[in-house]
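Per-entry structural report
What follows is each chain in one-letter form.
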Amino acid sequence: MRIDVVSIFPEYLAALDLSLIGKARRQGLLDIRIHDLREATTDRHRTVDDTPYGGGAGMVMKPEPWAQALGAVLAAAPDPRPTLIVPSPAGAVFTQAMAHDLAELDHLVFACGRYEGIDERAIDWAREQFDVRAVSLGDYVLNGGEVAVLAMVEAVGRLIPGVVGNPESLVEESHSDGLLEYPVYTKPSSWRDRDVPEVLLSGDHARIAQWRRLEQFRRTAERRPDLLALLDPATLTSAERTA
Ligand code: ADE
């Protein structure tokens, strides 16, 4: 998968050199290119923002550097019409389902806004060349899109075949089946007077699977009842319905 990220803080994206995503880059599974928006400016001060029309607090990112930078990404794109993701608290909320959708694509471009956002005309222009999606990490406000890009690239990148060493670990994890993950334990079996649940030491795989599934329901009911409401009750056992 090819990923281009445009930002005024390219150093922010240095974390994409680390861990599994960094390894996937070195293996050629992910071709991630970071671009400095200021390289697309033409004035001495490398200006990327200006005051908002209509007044109000803060600054707005100017359209010209964005069109220049995204045009350059497009000119070097392997395919026509890549997907352009604009991280924004005003976007659709990023989910595991969205991560799976994006992982099917060959080329993602991320435009990291800062300040009060990007002049809407640049986004309108981009819609002619890209499939544009405004995406929010959640209902809170960050100072810019970079942290959101780190999260989204990691969530999408780990779904690309080969990036996570054991693909089984992608199956039993939070949100893979609409539920939160069950609690996990490792050695020692007893630690500071706390014992690992007996069932996990039993070797009885059917009982373990049943226990884990029930724990998923308990945890989801306690922490994320909104997720339970999305499940089809017809697919649940009576123990699961009352968990
Ligand atoms: N930029 C600022 N806040 C954001 C958020 N919540 N999600 C994505 N990008 C953002």
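What counts, and at which threshold
- Residues numbered from 1 in each chain as written.
- Predicted model: local features only at pLDDT ≥ 70, side-chain atom pairs only at ≥ 80, totals over all residues.
- UniProt positions renumbered as here; feature names shortened; annotations may be inferred.
- Helix = DSSP H or I, 4+ residues; strand = E, 2+ residues; numbered from the N terminus.
- Buried ≥ 20, exposed ≤ 12 C-beta atoms within 10 Å, placed from the backbone.
- Pairing = 2+ DSSP bridges.
- Axes fitted to C-alpha atoms, helices over the stretch in contact; angles between N-to-C directions.

- As recorded in an unreviewed UniProt entry, the protein goes by tRNA (guanine-N(1)-)-methyltransferase and comes from Arthrobacter echini.
- UniProt, in the comment section headed Subcellular location (unreviewed entry), describes the protein in these words: "Cytoplasm".
- For the protein, the Sequence similarities (unreviewed entry) comment in UniProt is given as "Belongs to the RNA methyltransferase TrmD family."

A word on unusual backbone geometry
- The omega torsion of the bond from K187 to P188 falls at 5 degrees, within 30 degrees of zero and hence cis.
- Within the element layout of this structure, P188 appears in the loop between α5 (146–157) and β8 (190–191).
- Although it is not a glycine, H175 sits at a positive phi angle of roughly 75 degrees.
- Along the chain, H175 falls in the loop between α5 and β8.
- Judged by the 16 C-beta atoms lying within 10 Å of it, H175 is partly exposed.
- A positive phi angle is found at D193, which is not glycine, with a value near 65 degrees.
- Within the secondary structure layout, D193 lies in the loop between β8 and β9 (194–195).
- We classify D193 as exposed; it has 5 C-beta atoms within 10 Å.

Things to note about the sheet that holds strand β2 (residues 31–36)
- Across the sheet, which stays open at both edges, the five strands sit in the order β2-β1-β6-β5-β7 with parallel pairing between neighbours. Of all strands in the sheet, those bounded by a partner on one side alone are β2 and β7 (131–136). Mean inter-strand twist for the sheet, computed between neighbouring axes without regard to direction, equals 30 degrees.
- Pairing analysis gives six bridges linking strand β1 (residues 2–7) to β2, with the strands arranged parallel. Paired with I3 across the strands is I32, a residue of β2.

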